[in-house]
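Descriptive structure summary
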Amino acid sequence: MTGTVVQLHAPLGDEILTLRAGDRVELSGLVYTARDEAHLRMQEEGIPFDPEGAVIYHCGPVVKDDRIVAAGPTTSARMNALSGFLFDRGVRALIGKGGMDGTVREQLKGRGVYFAFTGGCAALAASHMTLKGVHFPELGMAEAVWVIELDRLPLVVGIDAHGNDIFEAVRESARKAFQR
Amino acid sequence: MKTGVLSGASDDRRPGHSLGGREKFPFLVPLERVSRKYYSARVMYAVLFLISRRSEYRKASRSLYYHKFLTYTCMQTPDPARIHTALANATFRAYRESVIRLPPDVLRVIKNAAASETNAVARGEFVNIQKNIGIAERLGVPMCQDTGVPVIYLTIPPEIPFTGSLYDAVAEGVRRATTEVPLRPNVVDPLSRHNTSDNTGAWMPAIHVKPGKKFTVTVLPKGAGAENMSRIAMLLPSQKDQIEKFVVETVYIAGSRPCPPLIIGVGIGGTFDGAAALAKEALLEPVDTMTEFEQQILDGVNRLGIGVMGLGGDHTALAVKVKTAGCHTASLPVAVNIQCWANRHFTVEVKP
């Protein structure tokens, strides 16, 4: 947890295995938004983009006139049971808020990371984004898979590829503090 | 509730609606525009004036009656159509402002917390939050993609008639804000989940009305992430000491989900439903001052160490605000309304 910020460019490779929970990262390159509906659709019909090294963003943006207006993260825990197949096809990272459960932590081991982006910071996120395309537009604005090019979006590593999970550590210490 | 009161819609004065002639000759005000109360006062002073004319000794009274008569003649109920338009416009403006910029007291507590935070990860999150606030304001876009459901507070002065038209006007302002700001269409039927696509529905917007000196509309857009973590308890009168624990437990269960650092509204007393309404109203109170009791609850919450976004740190919450109401001697209702760091609300004065 030093002051330096790691620069990353998607699609990602083995460079993410050196990241540690708590590291600050600036991510550039293509990401794909996906919420509950899109995950179910991709499980049934396959992934509509090249999943190798891809980054999934848990987000339902506000889009107007081919422009991203607001695109903050949604609660990742809703996708706890829906994410395993993504890592099996080569997805390397998730972005969201609030962290994920032990299942995802295990699935990420040796393969990928979970990035946290600050909840509610939709205008900041949009200022680092260019809209590139859309899959499954029939799912509606919030649930469609939007293809977005990031320019140095500031993130923090929430769960690394070695089983370290800031959210779990904080939950555990909060549990102890509450029982005291 | 003071979040920069703007003057109400001045752009809604329709052409051809000039009152010039009537202002010069108040007798010309049509009867249907004079409220019944003022009309009877007008008649009473007219009669007194006419009677007093006959006595030369009562010049002072006569002058008083004449002026009262004129005053009540000029006092008129604003045109219902103008009230409607002005309230719709004011609601639109309050909604737009509320999703774009935070009240100054909320900005202050965020700034102070960011400056005193010791956790490195949390400091980074505070940087993002403050950058986000700046960008939203500069570009005039919503600070969060969850633009909430509309919770509306109206204050109504005596000269504004309280009618169903006020509700229609607020709904019209909400619909306009949804397309023009734009807002995310969030309102659905609770069972069919059908989205009405304009942020209105049965009993939505949620409108709370109170008498007041000024005609104002306050919009408090409430996002689901924080609202979903709210709880209510019907404690026993002997469990006064459990209030703090119930609030801390609510925040503990919520964890990272409501986008901490939180603003926590607590309603104590009243009835089951009244306590919940109080808890939400508490969010409108200035968050940069707290009573000893509020500070004590806040310290308890912050000892959890959940921190910004559940990543740990000193600030799980920024403020606790408590509102109380009289309650039954056998009950102690306590409601906790959770709000994220973006404690959005904005008040506009309506000028028909």
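The structure presented is a predicted model; accordingly, all values stated were derived computationally and were not measured.

Calculation notes
Residues numbered from 1 in each chain as written. Chains lettered and ligands numbered in written order. Predicted model: local features only at pLDDT ≥ 70, side-chain atom pairs only at ≥ 80, totals over all residues. Contact = placed C-beta atoms within 7 Å. Helix = DSSP H or I, 4+ residues; strand = E, 2+ residues; numbered from the N terminus. Nonpolar A, V, L, I, M, F, W, Y, C, P; charged D, E, K, R; others polar. Pairing = 2+ DSSP bridges. Axes fitted to C-alpha atoms, helices over the stretch in contact; angles between N-to-C directions. Parallel < 35°, antiparallel > 145°, perpendicular 65-115°, else oblique. Left-handed = near helix turned anticlockwise from the far one by under 90°. Buried ≥ 20, exposed ≤ 12 C-beta atoms within 10 Å, placed from the backbone.

Listed per partner, the contact involves 34 residues of chain A and 37 residues of chain B. Of all the secondary structure elements, the ones that give two or more residues to the side of chain A that touches chain B are β4 (62-64), β5 (67-70), α4 (122-126), β9 (145-159) and α5 (166-179) of chain A. Ranked by residues supplied to the side of chain A that touches chain B, first place goes to α5 of chain A with eight residues. Among the residues making up the side of chain A that touches chain B, the classes are represented as 19 nonpolar, eleven polar and four charged.

For sheets, the rule is that strands pair by backbone hydrogen bonds, running either parallel or antiparallel. Residue and element names in this part refer to chain B. Spatially, β2-β1-β3-β8 is the arrangement adopted by the four strands of the open sheet, whose pairing is mixed. Strands with a single pairing partner mark the edges of an open sheet, and in this sheet they are β2 (206-211) and β8 (346-349). Direction aside, the axes of adjacent strands within the sheet are offset by 20° on average. With six bridges connecting them, strand β1 (residues 149-156) and β2 associate as parallel partners. The residue bridging Y153 from the neighbouring strand is H208, located in β2. Most of the contacts of helix α7 (residues 164-180) go to β1, to which it runs at about 140°, and overall it touches β1, β2 and β3 (216-222).

Next up on the list: the packing of helix α4 (residues 80-100) of chain B against α7 of chain B. Residue and element names in this part refer to chain B. Contact geometry of α4 with α7 gives a least axis separation of 7 Å together with a crossing angle of 40°. Comparing their axes, α7 and α4 come out oblique. Considering the relative orientation of α4 and α7, their crossing is right-handed. Of the residues in α7, those in contact with P80, H84, L87, A88, N89, T91, F92, Y95 and R96 of α4 are S165, L166, D168, A169, V170, E172, G173, V174, R176 and A177. Tallied by class, the residues present in the contact of α4 with α7 amount to ten nonpolar, five polar and four charged.

Here we take up the pairing of β9 of chain A. Residues and elements named next belong to chain A. Burial analysis of β9 places eleven of its 15 residues in the buried class, the great majority of the element. Alignment of strand β2 (residues 24-33) against β9, held across eight bridges, turns out to be antiparallel. The residue bridging Y32 from the neighbouring strand is V147, located in β9. One ladder, built from three bridges, connects strand β7 (residues 113-116) with β9; its direction is antiparallel. Residue pairing for β9: A116 is matched across the bridge by V156. Looking at chain direction, strand β8 (residues 129-135) and β9 are connected through six bridges and run antiparallel. Counterpart to T130 in the pairing with β9 is E149.

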